[in-house]
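Here's the letter readout for the chains.
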Amino acid sequence: MSDTQLVEDLAALIDKLRRRLETGRGSRAEWEAAAKQASLSLKRLVPSPTRQTKPSRSSKTSSVLQEGQRKAVRAALLAGVAPNQVAKHFGLSLAAIRKVLVDESA
């Protein structure tokens, strides 16, 4: 089944369910339960806006790096990965990456 066909079938199914709820055809309680279950299932498929927002950069840099993360940053730098790429991958500032480098040599 193509994506287009799946979208069309889903729209038709939702429309049919809406019409049956409006006309009272069949067991209303059964249709309402099905609609509620479908709604919950569809909501799980779409990420909520709160999950998509990234924490502010200041909260990332102010937190103390855990030892495992420090080791991973050092390993990436020793492997030749550019500091700005390491910072982007770990969600850290360049200053935090430099601090790991300074702490490593101390």
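See above for the structure.
Residues numbered from 1 in each chain as written. Predicted model: local features only at pLDDT ≥ 70, side-chain atom pairs only at ≥ 80, totals over all residues. Heavy atoms only, no water.

**Focus on the packing of helix 1 (residues 3-23) against helix 2 (residues 28-45)**
Two numbers describe how helix 1 lies on helix 2: the axes approach to 10 Å, and their chain directions differ by 145°. Read as a crossing pair, helix 1 and helix 2 show a hand that is left-handed. Between helix 1 and helix 2, the residues in contact are L17, R20 and L21 and R28, W31, E32 and A35, respectively. Taken together, the residues of the contact of helix 1 with helix 2 sort by class into four nonpolar, no polar and three charged. (Axes fitted to C-alpha atoms, helices over the stretch in contact; angles between N-to-C directions. Helix = DSSP H or I, 4+ residues; strand = E, 2+ residues; numbered from the N terminus. Left-handed = near helix turned anticlockwise from the far one by under 90°. Contact = heavy atoms within 4.5 Å. Nonpolar A, V, L, I, M, F, W, Y, C, P; charged D, E, K, R; others polar.)

**Notes on the packing of helix 5 (residues 67-78) against helix 6 (residues 83-90)**
Close contact between helix 5 and helix 6 brings their axes to 10 Å; oriented N to C, the two are set at 145°. The element helix 5 and its partner helix 6 pack so that their crossing is right-handed. For the pair formed by helix 5 and helix 6, the contact residues are Q69, A72, V73, A76 and L77 on the first element and P83, V86 and F90 on the second. Class assignment of the residues belonging to the contact of helix 5 with helix 6 gives a composition of seven nonpolar, one polar and no charged.

**Some points on helix 1**
Under the 1.5 Å per step criterion, the end-to-end length of helix 1 is 30 Å for 21 residues, consistent within 8% with the ideal 30 Å. One or two steps after helix 1, the chain reaches G24, where phi turns positive at roughly 75°. (Expected span 1.5 Å × (residues − 1).)

**Considering the layout of surface pockets**
Each pocket or cavity is described by its volume, and for the largest pocket that value is around 260 Å³. Listed by contribution, the elements that provide at least two residues to the lining of the largest pocket are helix 1 and helix 2. For the lining of the largest pocket, the leading source of residues is helix 1, giving eight residues. (1 Å grid on protein atoms, 1.4 Å probe; cavity = no way out; pocket = protein on both sides within 12 Å on 5 of 7 lines; lining within 4 Å. Points joined across faces, edges and corners; volume = space filled by probe spheres on them.)

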